[in-house]
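Now for the letters of each chain:
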Amino acid sequence: MSKRSPGLSEQTYFVLAALLDGPLHGHAIIKKVVDLSEGRITLPVGTLYGALDRLAANGIITIEREEIFNGRKRRYFRITDEGDGMVRAEARRMQQAASVILRPRSLGASFA
Amino acid sequence: MTTLERRYRWLMRAYPNDYRADYLEELVGILLDSAKPGQALPPAREAFALITGGIRTRIIAAARGAAWTDGLHKGIVVLAVLNLAVLIPYAGRIPLWLALSAAALLLILRGHVWPALPVAGVVAVKLTAITMGRPWLDATLLPIFPDGWWAGPALYGSGGPIAPLASNVLIVGGLLILAASRRRPRTHSWWWLATVPLVAGSVPASLDIDAGSPTAVARICLEVTLLVGAAVAGHLTADPRWAIAASLYAVPALVALCEGIEDVTRQDVAHATLLVVLVLAAAVVPFRARHRILL
């Protein structure tokens, strides 16, 4: 029996994907999500920070460090092992789902 | 400080104070970094996300401590608000009982369980006496008609005694449970007092839904808003405290419906169905939300 899907939304998926290469602060996450999604997903700041708070509360990301930049505090977020496993499992699930549509059709299927 | 920064800081008031103390500068910094040169107005999408994010953060921050004691306390607050609201049109006839009902609400609201118990207790006895036509505690002339410009029936004149009794039993019984738990409940916002005039004079048994009376409409609108809010809060937090409060609220309203079953109209049934559906939604949602990470 497969484990129940954690219910990752597309936005959460891209936030976690953005953190796979290393810790980032909020503004860098927004820019990286735009890059990874080819401009399709632009996260408003209020939405991003709500998500980061919930992901941190669930142990999927953690705060790596805080630093002062231009007189303002900013936090760097790091994905945890649990979050890493979750986003990779979601990627595999989507890959399998995509393959159902994108795989080459057998010749026999054309005549079915 | 630019106009844009001032506007972003104003929008950030949607967040709780302690959240703003920690993260206001960080969020405003990112918002300003993302702004176009010369921009003075926050984009609608950012403004909406800040307001909804702030409300979400407030709800999540409210889901702390034991869920069942806080849910019970919230439910008692709502019932005490309605107890007081029912008496408002009769303020000139029963000023003492109105004042004691208001005192009970204030004590309950601020989490003073032990002082609230005797006050809520005597109010419960007096209101039960009025519904049963008994001269308990003082010699009140019955029936009690509304003051001057208030229209409507005599106090509790349009329904039976069981629904008001159920409401008061829940208030006093709930306070006893909270007192026995030895945990002082949290204080609730003074904003709850603002709901009292909105539902003044509304009794579940005499909601004149057919005629679309302003009192009935105001009560049903507030009821739907709070119950949908309870479901949303349960969805965001996977916490049952709002469902507990919603269930407590529904009990006297449904008892009133059963008590007056002979005179029940289709609108009454529709109203009760809506109430049950919303309470069930508020009860189920937290358990479904436990399996999900929400963005």
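Everything in this summary refers to the structure shown in the same document. (Residues numbered from 1 in each chain as written. Chains lettered and ligands numbered in written order. Predicted model: local features only at pLDDT ≥ 70, side-chain atom pairs only at ≥ 80, totals over all residues.)

1. Thoughts on the overall build of chain B
Alright, step 1. In terms of regular secondary structure, chain B is built from 11 helices and zero strands.
Alright, step 2. Each helix (α) and strand (β) of chain B, taken in turn from the N terminus, gives the series α-α-α-α-α-α-α-α-α-α-α.
Alright, step 3. Judged by the C-alpha coordinates and their principal axes, chain B covers about 75 × 45 × 40 Å.
Alright, step 4. Among the 295 residues that make up chain B, the fraction classed as buried is 38%.
Alright, step 5. Taking all contacts inside chain B whose residues are at least 6 apart in sequence as the whole, residues at least 24 apart take part in 75%. (Helix = DSSP H or I, 4+ residues; strand = E, 2+ residues; numbered from the N terminus. Buried ≥ 20, exposed ≤ 12 C-beta atoms within 10 Å, placed from the backbone. Contact = placed C-beta atoms within 7 Å.)

2. A few points about the overall build of chain A
Alright, step 1. In terms of helices and strands, chain A carries five helices and three strands.
Alright, step 2. The linear arrangement of helices and strands in chain A, starting from the amino end, is α-β-α-α-β-β-α-α.
Alright, step 3. The buried share of chain A, taken over its 112 residues, is 29%.
Alright, step 4. Of all intrachain contacts in chain A linking residues separated by at least 6 positions in sequence, the fraction that spans at least 24 positions is 42%.

3. Considerations on the packing of helix α1 (residues 10–18) of chain A against helix α4 (residues 81–102) of chain A
All names here are of chain A.
Alright, step 1. One way to put it is that α1 packs onto α4 with a least axis distance of 10 Å and a crossing angle of 125 degrees. As summarised for this structure, α1 and α4 are arranged oblique, according to the angle between their axes. Seen along the crossing, α1 lies across α4 with a hand that is left-handed. Facing α1, whose interface residues are Y13, L16 and A17, α4 presents G83, V87 and E90.
Alright, step 2. Considering only residue class, the contact of α1 with α4 consists of four nonpolar, one polar and one charged. (Axes fitted to C-alpha atoms, helices over the stretch in contact; angles between N-to-C directions. Parallel < 35°, antiparallel > 145°, perpendicular 65-115°, else oblique. Left-handed = near helix turned anticlockwise from the far one by under 90°. Nonpolar A, V, L, I, M, F, W, Y, C, P; charged D, E, K, R; others polar.)

4. Overview of the sheet that holds strand β3 (residues 72–79) of chain A
Whether parallel or antiparallel, the strands of a sheet pair through hydrogen bonds between backbone atoms.
All names here are of chain A.
Alright, step 1. Read from one edge of the open sheet, three strands run β1-β3-β2, paired in antiparallel fashion. Lying at the two open borders of the sheet, with one neighbouring strand each, are β1 (24–25) and β2 (61–69).
Alright, step 2. Of the pairings in the sheet, the one linking β1 to β3 comprises two bridges and is antiparallel in character. Along β3, the bridge assignment pairs H25 with Y76.
Alright, step 3. Relative to β2, helix α3 (residues 45–57) is tilted by about 130 degrees, and along the sheet it contacts β2 and β3. (Pairing = 2+ DSSP bridges.)

5. Structural notes on the interface of chain B and chain A
Alright, step 1. At the junction of the two partners, chain B supplies 21 residues and chain A supplies 24 residues.
Alright, step 2. Considering every element that reaches the side of chain B that touches chain A, the biggest residue donor is helix α3 (residues 44–62) of chain B, with eight residues.
Alright, step 3. Taken together, the residues of the side of chain B that touches chain A sort by class into eight nonpolar, six polar and seven charged.

6. Examining the environment of A120(B)
Residues and elements named next belong to chain B.
Alright, step 1. Locating A120 in the fold gives a position in helix α6 (residues 113–132).
Alright, step 2. Sequence spacing of A120 and V169 is 49 residues, and the spatial spacing of their C-alpha atoms is 9.8 Å.
Alright, step 3. Beyond its immediate chain neighbours, meaning those up to four positions away, A120 contacts A104, I171, V172 and L175.

7. Remarks on helix α5 (residues 95–109) of chain B
Residue and element names in this part refer to chain B.
Alright, step 1. The first and last C-alpha atoms of α5 sit 21 Å apart over 15 residues, in line with the 21 Å expected at 1.5 Å per residue.
Alright, step 2. All of the buried residues in α5 are W97, S101, A102, A104, L105, L107, I108 and L109.
Alright, step 3. At its buried positions, α5 is contacted by α4 (67–87) and α6.
Alright, step 4. Backbone geometry just after α5 places G111 at a positive phi near 80 degrees. (Expected span 1.5 Å × (residues − 1).)

8. Let's talk about the nonpolar core
Alright, step 1. With 57 residues, the main nonpolar core has A80(B), A104(B), I108(B), A120(B), A230(B), A246(B) and A282(B) as its most contacted residues.
Alright, step 2. Counting residues per element, the ones that place at least two in this core are α4, α5, α6, α7 (162–181), α9 (214–237), α10 (241–259) and α11 (266–289) of chain B.
Alright, step 3. Per-element tally for this core: the top contributor is α10(B), with 12 residues.
Alright, step 4. Other than its neighbours up to four places away in sequence, A282(B) contacts L227(B), A230(B), A231(B), G234(B), W242(B), A243(B) and A246(B).
Alright, step 5. Counting residues in hydrophobic clusters, the runner-up holds 35 residues, among them V33(A), Y49(A), I61(A) and L50(B). (Core = buried A, V, L, I, M, F, W, Y, C linked by C-beta atoms within 7 Å.)

9. As for the packing of α7(B) against α10(B)
Helix-helix packing is described using two parameters, namely the angle between the two axes and the distance between the axes.
Residues and elements named next belong to chain B.
Alright, step 1. Packing of α7 against α10 leaves a shortest axis separation of 8 Å and a crossing angle of 160 degrees. Between α7 and α10, the angle falls in the class roughly antiparallel. Relative to α10, α7 is oriented so that their crossing is right-handed. Across the interface between the two elements, I162, A163, A166, S167 and L170 of α7 pack against L248, V251, P252, V255, A256 and E259 of α10.
Alright, step 2. Each residue belonging to the contact of α7 with α10 can be placed in one class, and the counts come to nine nonpolar, one polar and one charged.

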